[in-house]
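# Report on the structure
One letter stands for each residue in the lines below.
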Amino acid sequence: MSSTESSTYQGFTAEERAAMKDHAQEQKKAARRSSHADKTAQEQRDVLAKIAEMQESDRILAERVHAVITVSAPALAPKLWYGMPAYTLHGKIVCHFQSAAKFKTRYATLGFSDQANLDDGTMWAAGFALTEVTAEVEARISALVKQAVS
């Protein structure tokens, strides 16, 4: 039996391992918090701190996305998810912001989970590339998150 390098499993990338470590730390922190109000307040601070750590181009996008989501869909609660700012409804992830630098991609993304009510026929978008947040993009994000929680 011959084996080629292209067919052997190479394991997780460094970025994927870092995201898994972030997730494990998030779970440990969440388990230590006492009251629901404490957890909610700390999760908000964690998201803002993670955004502040981002490279400038990603940070600018993440700050605008965070502001639009929190104003447009106040029912969504911010929370870190695999080291990314995410927004939950009843404890389930509805959407998240992935910085371009996190997985070394050429653009940041706003992704939606299957919990988001974005259904449109038999096929619809669940992720959106972000290179700039203009007034038009803000309006689109606002409409998407409102629909997602409706």
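Everything that follows concerns the structure shown earlier in this document.
Residues numbered from 1 in each chain as written. Predicted model: local features only at pLDDT ≥ 70, side-chain atom pairs only at ≥ 80, totals over all residues. Heavy atoms only, no water.

## Examining the overall build of the chain
A tally of regular secondary structure across the chain gives four helices and five strands. Along the chain, helices (α) and strands (β) appear in the sequence α-α-α-β-β-β-β-β-α when read from the amino end. Principal axes of the C-alpha set define a box for the chain whose edges measure 60 × 40 × 35 Å. Counting over 150 residues, the chain shows a buried share of 36%. (Helix = DSSP H or I, 4+ residues; strand = E, 2+ residues; numbered from the N terminus. Buried < 20%, exposed > 50% of the residue type's maximum accessible area, 1.4 Å probe, protein only.)

## Looking at the pairing of strand 2 (residues 84-89)
Most of strand 2 is tucked away: five of the six residues are buried. Direction of pairing for strand 1 (residues 77-81) relative to strand 2: antiparallel, over a ladder of five bridges. Bridging across to strand 2, W81 finds its partner in M84. Between the end of strand 1 and the start of strand 2, which pair antiparallel, lie two residues, with Y82 showing a positive phi angle near 50 degrees. One ladder, built from four bridges, connects strand 2 with strand 3 (residues 92-98); its direction is antiparallel. Note that in strand 3 the partner of T88 across the bridge is I93. (Pairing = 2+ DSSP bridges.)

## Focus on a nonpolar patch on the surface
Among the surface-exposed residues, Y9, F12 and M20 lie close enough to one another that they form a single nonpolar patch of about 360 Å² accessible area. For M20, the position within the fold is in helix 1 (residues 14-32). (Patch = residues over 30% accessible without salt bridge, like charges linked within 9 Å, V, L, I, M, F, W, Y side chains within 5 Å. Areas by Shrake-Rupley, 256 points an atom, 1.4 Å probe, with all protein chains shown as cover. Salt bridge = Lys/Arg side-chain N within 4 Å of Asp/Glu carboxyl O.)

## Examining the side chain of H66
Within the secondary structure layout, H66 lies in helix 3 (residues 56-72). With near-sequence residues (within four places) excluded, H66 lies in contact with Q44, V47, L48, I51, P78 and Y87. (Contact = heavy atoms within 4.5 Å.)

## Some words on the packing of aromatic side chains
Going through the model one piece at a time under the given rule, you end up with two aromatic pairs. With a centroid separation of 5.4 Å and 80 degrees between ring planes, the pair formed by W81 and Y82 is classed as edge-to-face. By relative accessible area, Y82 is classed as partly exposed at 30%. Between F112 and F128 the ring centres are 6.1 Å apart and the planes differ by 90 degrees, which places this aromatic pair in the edge-to-face class. Note that F112 is positioned in strand 4 (residues 108-112) and F128 in strand 5 (residues 127-130), a separation of 16 residues in sequence. For the pair formed by F112 and F128, the shared burial category is buried. (Phe/Tyr/Trp six-rings, centres within 6.5 Å; stacked < 30°, edge-to-face > 60°.)

## Observations concerning the sheet that holds strand 4
Read across the open sheet, the five strands follow the order 1-2-3-4-5; overall the sheet is antiparallel. In this open sheet, the two edge strands, each paired with only one partner strand, are strand 1 and strand 5. In this sheet, neighbouring strand axes are inclined to one another by 25 degrees on average, regardless of whether the strands run parallel or antiparallel. Judged from the four bridges that link them, strand 4 and strand 5 form a sheet pairing that is antiparallel. By the bridge assignment for strand 5, G111 is matched with G127. Together, strand 1, strand 2, strand 3, strand 4 and strand 5 form the strand contacts of helix 3, whose direction differs from that of strand 3 by roughly 150 degrees. (Axes fitted to C-alpha atoms, helices over the stretch in contact; angles between N-to-C directions.)

Any link to function would need more than the numbers given here.
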